[in-house]
Protein chains: 6
Amino acid sequence: MAQTESAPLLGRILLTGAAGGLGRELRPRLRRRCALLRVSDIAAMQAAGPGEEVVEAPLENRAAVDALLQGMDAVVHLGGISTEQPFDAILQANIVGAYNLYEAARRHGVKRIVFASSNHVTGFYRQDEVIDATMPVRPDGYYGLSKAFGENLARFYFDRYGIETACLRIGSSFPEPKDRRMLATWLSYDDLERLVVACLTAPVVGHSIVYGMSDNTTTWWDNTPARHLGFRPRDSSESFRAAKEAAQPTLDRSDPAVIYQGGAFVRMGPFE
Amino acid sequence: MAQTESAPLLGRILLTGAAGGLGRELRPRLRRRCALLRVSDIAAMQAAGPGEEVVEAPLENRAAVDALLQGMDAVVHLGGISTEQPFDAILQANIVGAYNLYEAARRHGVKRIVFASSNHVTGFYRQDEVIDATMPVRPDGYYGLSKAFGENLARFYFDRYGIETACLRIGSSFPEPKDRRMLATWLSYDDLERLVVACLTAPVVGHSIVYGMSDNTTTWWDNTPARHLGFRPRDSSESFRAAKEAAQPTLDRSDPAVIYQGGAFVRMGPFE
Amino acid sequence: MAQTESAPLLGRILLTGAAGGLGRELRPRLRRRCALLRVSDIAAMQAAGPGEEVVEAPLENRAAVDALLQGMDAVVHLGGISTEQPFDAILQANIVGAYNLYEAARRHGVKRIVFASSNHVTGFYRQDEVIDATMPVRPDGYYGLSKAFGENLARFYFDRYGIETACLRIGSSFPEPKDRRMLATWLSYDDLERLVVACLTAPVVGHSIVYGMSDNTTTWWDNTPARHLGFRPRDSSESFRAAKEAAQPTLDRSDPAVIYQGGAFVRMGPFE
Amino acid sequence: MAQTESAPLLGRILLTGAAGGLGRELRPRLRRRCALLRVSDIAAMQAAGPGEEVVEAPLENRAAVDALLQGMDAVVHLGGISTEQPFDAILQANIVGAYNLYEAARRHGVKRIVFASSNHVTGFYRQDEVIDATMPVRPDGYYGLSKAFGENLARFYFDRYGIETACLRIGSSFPEPKDRRMLATWLSYDDLERLVVACLTAPVVGHSIVYGMSDNTTTWWDNTPARHLGFRPRDSSESFRAAKEAAQPTLDRSDPAVIYQGGAFVRMGPFE
Amino acid sequence: MAQTESAPLLGRILLTGAAGGLGRELRPRLRRRCALLRVSDIAAMQAAGPGEEVVEAPLENRAAVDALLQGMDAVVHLGGISTEQPFDAILQANIVGAYNLYEAARRHGVKRIVFASSNHVTGFYRQDEVIDATMPVRPDGYYGLSKAFGENLARFYFDRYGIETACLRIGSSFPEPKDRRMLATWLSYDDLERLVVACLTAPVVGHSIVYGMSDNTTTWWDNTPARHLGFRPRDSSESFRAAKEAAQPTLDRSDPAVIYQGGAFVRMGPFE
Amino acid sequence: MAQTESAPLLGRILLTGAAGGLGRELRPRLRRRCALLRVSDIAAMQAAGPGEEVVEAPLENRAAVDALLQGMDAVVHLGGISTEQPFDAILQANIVGAYNLYEAARRHGVKRIVFASSNHVTGFYRQDEVIDATMPVRPDGYYGLSKAFGENLARFYFDRYGIETACLRIGSSFPEPKDRRMLATWLSYDDLERLVVACLTAPVVGHSIVYGMSDNTTTWWDNTPARHLGFRPRDSSESFRAAKEAAQPTLDRSDPAVIYQGGAFVRMGPFE
């Protein structure tokens, strides 16, 4: 855990998706910095510790989400589906869910949201292209489409209501890279924490989009347009390179999962 | 009606939204050029003429939409909601509806769609900015968000399944401009026809986005990236200028509807 | 005179530099469209006609300029020095003068200014380059520097006080082109009028920069970023081409005046 | 023939490739404007008329090319191979030939060359892309590669020796478009003449690249960066559209010749 | 003090503004590297040490400035007003003063100037925007306007007379950051020295613009276009972050001083 | 030698130009990583060690080059002329040679080539410009022209036949920088190895262009578009700065070799 400070700076924070992989990792890291941490999910969560509230709430339930936002200063929105799945499931959790969240934020005067978007918003760019967040999206599936919707929704709520969002196009946040593709996309947990904390504390966020990746030697993403956020990763996938290359000495270069940034997502589906 | 030819070139075409303003206008213009024109809406439509089929089908009904696409060569998709409305209505007609349409196209091997998107996808740019379709979207409401979703969905179905779409960010298509804003955004019916026909006949469309406007003297949109479509408007709002300026001699320059390209859409809502 | 209408649309307009070449040309054209036309210069002007006020005022005189702006709705600012001259003269008329004008506009609540800038703001680009108004300035002398200052001043007064300015980087506005260079830079008087009227009537101008040129076949300037102003030239220098080429059949291509867009301005000075 | 003037303006001009399709067309049009027209080819040419010299010279013959340039003011270089062919032939005529020509120009002080490059320099862009001449080249064969070499050679001789070149990326210059692709690429003979004359008479050309096409409704090329040349086409392929579409009502959209701008060139070869 | 070398490399250097905060800091650092250091100001300065000359000279005094430049190889121009003040004061010190300096440089053949410009040249960009020096200026006051004038003046003297200038858009150069804004804008004194020395020693400077900031984690400025200068900061504001955030735990996000890069400068004035 | 691993990862590699400066340096570094290293040159080479084959082959000999490629997995192509020389020599070794190599690769199914291009492809940019590999080339001589040809040839073989190439625009790869210019252009041998290995092991290379330079403080090249290759230099010319500046304390700033990036290459020739 990268940074610790004695006093809470972050006020009252809602963390959605708290039962997921990233949510479980972020929960204790955020708790230390918050006046209050409200955590939410649809799956079972650890019981509330000091300074915590635990609320089960499905994102597609408008009233439940409305209640979640009450009294919050900011939101870290990891909730929803984070893999490629049939459209109907994605629609409810990620599209209706995002709408419910932003409407609740508007009603309760919550002014900043850190939104877990995804690199799959641009997964159909090639692995020999370096892109930045001002370029047109190229989603690689329904999941990526729902995250692009969330980013646009956030843009609208900023332009219309002044609610700030930092959209994190997270690469692959795991204890370590799992394969050669993740040498480019890996985001360590410590860097994830740095990123979320930077987005919560930056004086002005407006509507920002940043790729969530560590300081990897290989990368497809240029975060220059997001330097105002104050995120500077300190970890790198490089120490895992030799092992990952040894484990996958050859790659089928005609496989779309090798060619495109989205990896295996780009060839999932159709779902019937 | 701008161009007529003796023989049908366009094969079997589905026109959705055929009962709406643009649908009623396009129906006879397309019928002349098609081997078959299937028209669809949820509202009452004129009875089928020669070379026509008339089918009532709500876009949110997956099976109905699937049946609509059967045997078609291409689609002109005007269906759905075309004004700003509460999210739940937009969600069904425009988001679920677009998904149903593209899935049906995929299943039935339909390879080209002309999709009526909207200038409201970028309605939060200012009226003193000139933009083109490669710039980030700034939707001005749920309607604009749903159209941005449709454009991204089309991008995905092209990257993944090779289905081509021309997204038409239509300005204001009416018999004539209604106010000073429409001096910039007007698209005459003849130019609308030229645009749709160009998109249906161009040898390669890929995933293209074009603003639908006549050759107006004032404009906020640069269609240079879409010149490959072969659309060149021949009408202009200029002959209406004096009358529109006389009717609105003064404008409140602090009104968001005057400042932003989306006009009155940018200050609609919230809906509760 | 390009456009006439029966009723005044433009309210109360101040025209500075009314005794100069462009001022004398614009005065009767504006008078027809204004509720009141106040004209000003330091040189002798024609007596006031109906609907006119004539005021002598040096731009470097703060009080005089303040009085000029009183009660005005908008300004067409042609005043100041419009040729390359020693710095001290330019400083007073164009730099101090522009400051005086904008301060007076701020104090009197005038909300729109049409500012006669100049192509000499970018005169050190080459004649084989096509530029637009978003590119860095390259002034070709003190005159060009003073106009760049005026444009930046206007930008500041818009960002800080909301005063809108359309900066016209005028090419060469004369009855006809005088030499081969003006085949590219010529702005007919009718097109000048169209441009000024467009800038006065456009609903939103913000801070805009537009090159003032007719629809010439040869051009160095791309006005795409200014299409929102609604200026479309109708004249062209092309009918003068044969005569101008015959009069200057050869050019010395090592002469900076031939190489650079600013023409002879780029080799004036030093002045001692 | 588009423009005629009584007196020769163009001095002493060398036209290479005079026996080819474009050469035969340009020869009488240039003769009228020149003090002297020297024409050259390796194939039989019409006998010299008044004001003409006819010289047979293979471009790969250094001494012969050197003699060709003697006493010339400018060159219109159409010579060499203009179709896709095996590399060795292209190498001699187009690569060695271009080198011989520029070296001769340097030795004889010739200061301007109009170089017939080709759209095949960028033939591997897609037909749903609009490009301009500042984008990276994507040649579609040895012919396109040789033309890219010629453009770079011209760039070097300008940077190093001040020899100006206008590179014309000619589309398809024929009496009329031959197929649907040429609706986009067609350059009428009159527009070809306008283009060549503009490049010979423009005061400053530097190193310029322009696509040679008429004012076609469908186009893949944006000539904005070349407006300083003063070329404005007056013809259009549009009147041929109906006939060309009727002749090719369907296209195989999986055919690289349909997908890419270079048409059939992109699938020629390999040559063994 | 970052870099020391035994022998003077920098020849005869004029340092203006030597009595100011940055001048007092740079004076001993430059003295060590120069054959001669002439220092100048209108305020009292420390007596001349070995290798130094001390000259009092107001920048608006043309003759005095002319004498200052005599015999110099290069200038580090920190002189003039460096805070927001009424226009008349800025006009004399910064606009007339800059003109006097460049004219004197031209007359005396001085070929390089390091010009202390300011981040206030672009102060009206937002703090959630990352900009670079090729983007249009947005000055946040008269001070910023005068620095933009100085940059343009430098551009002119390079294009016209070949005098090179490195324009330093200095952020906030103090012993340490004073508030949260300066976490982004801070330039340590050691990095300031590195920057000035790099600009004085780079073989070719032409007309360059570089933002003067340390290697801060949060930044609004991308110095990619200035990497040829060889400036690489080694300090960072990061070690001050916790203290600065603790001192200003909350910010009023509706305050223009929080929203815009220029900070409090953007809401100074009007001055009457 | 930067990275060592126990097992060969790189398969069967051909290294051309193995007798040259970079070839001799790379040979042992590559041998350690390859299943087989075939080395080739026209000059005498060290005898074959274990895991090596040594083949003399002139690049202009088509059959010899064809034989070289047989059975190879990838090529590191350093062969040919690497200095400015008369055109005829360059033509054979670098233009014909490159064609022979790519044709042989196509015939033998070799799918990746690391091509030693050169900074002289863009040598006519100025030393006060920072460029990247998407900008138009500006070769500084016949050598640079031949490398630009090679890059375009590689682009074609990727677009047409799917053969991937990483084009390395190598700066100055020597044991240490030789002069002040090389403070910007230096590439250490260890960084050269890192670069070549990255290009051989990256999962997807497509057609990439990267400048080969160490992590120098001064640089003219922005490698952002090539970050997907996974090259991150670890060395820097900075430790040589003081010595190089002391050795060349003054530079003639009117010398093209000082002004342009290509250094002395830009004023070589003409060769007769």
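Residues numbered from 1 in each chain as written. Chains lettered and ligands numbered in written order. Predicted model: local features only at pLDDT ≥ 70, side-chain atom pairs only at ≥ 80, totals over all residues. Heavy atoms only, no water.

An unreviewed UniProt entry annotates chain A as NAD(P)-dependent oxidoreductase of Ramlibacter montanisoli. The UniProt entry for chain A carries the following text under Sequence similarities (unreviewed entry): "Belongs to the NAD(P)-dependent epimerase/dehydratase family." (UniProt positions renumbered as here; feature names shortened; annotations may be inferred.)

A. A look at the interface of chain B and chain A. At the interface, 36 residues of chain B touch 36 residues of chain A. With both sides pooled, the region where chain B packs onto chain A buries about 3200 Å², and carbon together with sulfur makes up 60% of that total. Per-residue buried area on chain B facing chain A is highest for B:Leu145, B:Phe156 and B:Arg160; these three make up 17% of the total on that side. Residue B:Arg62 is joined to A:Asp88 by a salt bridge in which the shortest nitrogen-to-oxygen separation is 2.8 Å. Across the contact surface, chain B and chain A share 16 residue pairs in polar contact (both at pLDDT 80 or more). Elements with a minimum of two residues in the side of chain B that touches chain A: α3 (87–108) and α4 (142–161) of chain B. (Contact = heavy atoms within 4.5 Å. Buried area = accessible area lost by both parts, 1.4 Å probe. Salt bridge = Lys/Arg side-chain N within 4 Å of Asp/Glu carboxyl O. Polar contact = N/O pair within 3.5 Å; in protein donor to acceptor, adjacent residues only side chain to side chain. Helix = DSSP H or I, 4+ residues; strand = E, 2+ residues; numbered from the N terminus.)

B. Examining the pairing of strand β7 (residues 207–212) of chain D more closely. All names here are of chain D. Most of β7 is tucked away: six of the six residues are buried. Both faces of β7 are covered, namely the face carrying His207, Ile209 and Tyr211 and the face carrying Ser208, Val210 and Gly212. Pairing of strand β6 (residues 164–170) with β7, which is carried by six bridges, proceeds in the parallel orientation. The residue bridging Leu168 from the neighbouring strand is Val210, located in β7. (Buried < 20%, exposed > 50% of the residue type's maximum accessible area, 1.4 Å probe, protein only. Pairing = 2+ DSSP bridges.)

C. Spotlight on the environment of C:Cys167. All names here are of chain C. Its place among the elements puts Cys167 in strand β6 (residues 164–170). Remark: the alpha-carbon pair of Cys167 and His207, spanning 40 residues in sequence, is separated by 7.7 Å. With residues near it in sequence (within four places) discarded, Cys167 still touches Phe115, Ser117, Glu151, Ala154, His207, Ser208, Ile209 and Val210.

D. The arrangement of the state of the cysteines in detail. Applying the stated criterion across every chain yields a total of zero disulfides over all chains. Between A:Cys34, a free cysteine, and A:Cys199, which holds the nearest cysteine sulfur, the sulfur-to-sulfur gap is 14 Å. Unpaired in this structure, B:Cys199 has its nearest cysteine sulfur neighbour in B:Cys167, at a distance of 9.4 Å. Under the relative-accessibility criterion, B:Cys199 is labelled buried at 0%. (Disulfide = S-S within 2.5 Å.)

E. Geometry of the sheet that holds strand β2 (residues 36–41) of chain C. Residue and element names in this part refer to chain C. Across the sheet, which stays open at both edges, the seven strands sit in the order β3-β2-β1-β4-β5-β6-β7 with parallel pairing between neighbours. What marks the edges here is a single partner per strand, and that holds for β3 (52–56) and β7 (207–212). Averaged over neighbouring strand pairs, the angle between their axes works out to 20° when direction is ignored. Both β2 and β3 contribute to a ladder of five bridges, which runs parallel. Each residue of the ladder has a partner; that of Leu37, found in β3, is Glu52. Of the strands in this sheet, β1 (12–16), β2, β3, β4 (74–77) and β6 touch helix α1 (residues 21–31), which is tilted by about 170° from β2. (Axes fitted to C-alpha atoms, helices over the stretch in contact; angles between N-to-C directions.)

F. Highlighting the UniProt feature "domain: NAD-dependent epimerase/dehydratase" (unreviewed entry) in chain A. In this numbering, the UniProt entry assigns the feature "domain: NAD-dependent epimerase/dehydratase" (unreviewed entry) to residues 13–184 of chain A. When the span residues 13–184 of chain A is considered, its composition is 37% helix and 19% strand, and the gap between its end C-alpha atoms is 31 Å.

G. The arrangement of the packing of aromatic side chains in detail. The tally for this structure, following the rule as stated, stands at 90 aromatic pairs over all chains. When the ring of C:Tyr99 is compared with that of E:Phe87, the centres are 4.0 Å apart and the planes differ by 15°; the resulting orientation is stacked. One end of the pair, C:Tyr99, is in helix α3 (residues 87–108); the other, E:Phe87, is in helix α3 (residues 87–108), on a second chain. We note that C:Tyr99, like E:Phe87, is buried. Here D:Trp186 and D:Phe240 contribute two aromatic rings whose centre-to-centre distance is 5.4 Å and whose plane-to-plane angle is 70°, an arrangement assigned as edge-to-face. One end of the pair, D:Trp186, is in the loop between α5 (182–185) and α6 (189–201); the other, D:Phe240, is in the loop between β7 and α7 (241–247), with 54 residues separating them in the sequence. Note on D:Trp186: relative accessible area 4%, which makes it buried. Taken together, the ring pairs connect A:Phe87, A:Tyr142, A:Phe271, B:Tyr99, B:Tyr102, B:Phe149, B:Phe156, B:Tyr157 and B:Tyr161 into an aromatic cluster. Above the plane of the ring of B:Tyr161 lies B:Arg106, whose end atom (NZ or CZ) is 5.5 Å from the centre. (Phe/Tyr/Trp six-rings, centres within 6.5 Å; stacked < 30°, edge-to-face > 60°. Lys NZ or Arg CZ within 6 Å of the ring centre and 35° of its normal.)

H. Broad picture of the relation of the copies chain A and chain E. For these two chains of identical sequence, chain A goes onto chain E by a turn of 120° and a shift of 0.0 Å along the axis, with RMSD 0.0 Å. In the structure described here, the two chain copies are related by an operation that fits a three-fold rotation axis. By C-alpha distance to the rotation axis, the residue of chain A lying nearest is A:Thr224, at 5.8 Å. (Least-squares fit on C-alpha atoms with pLDDT ≥ 70 in both.)

I. Here's a closer look at the interface of chain A and chain E. Each side of the interface is counted separately: chain A has 21 residues, and chain E has 19 residues. Between chain A and chain E lies a buried interface of about 1600 Å² when both sides are counted; carbon and sulfur atoms form 51% of it. Linking chain A with chain E are two salt bridges, by the criterion used here. The partner of E:Asp215 in a salt bridge is A:Arg232, with the nearest N and O atoms 3.0 Å apart. Taken together, chain A and chain E are joined by eight residue pairs in polar contact (both at pLDDT 80 or more). Tallied by class, the residues present in the side of chain A that touches chain E amount to 10 nonpolar, seven polar and four charged. (Nonpolar A, V, L, I, M, F, W, Y, C, P; charged D, E, K, R; others polar.)

J. Up close: the arrangement of the chains. Spatially, chain D is disjoint from chain E: no contact exists, and the shortest C-alpha separation is 18 Å. Between chain B and chain F there is no contact, and the shortest C-alpha to C-alpha separation is 18 Å.

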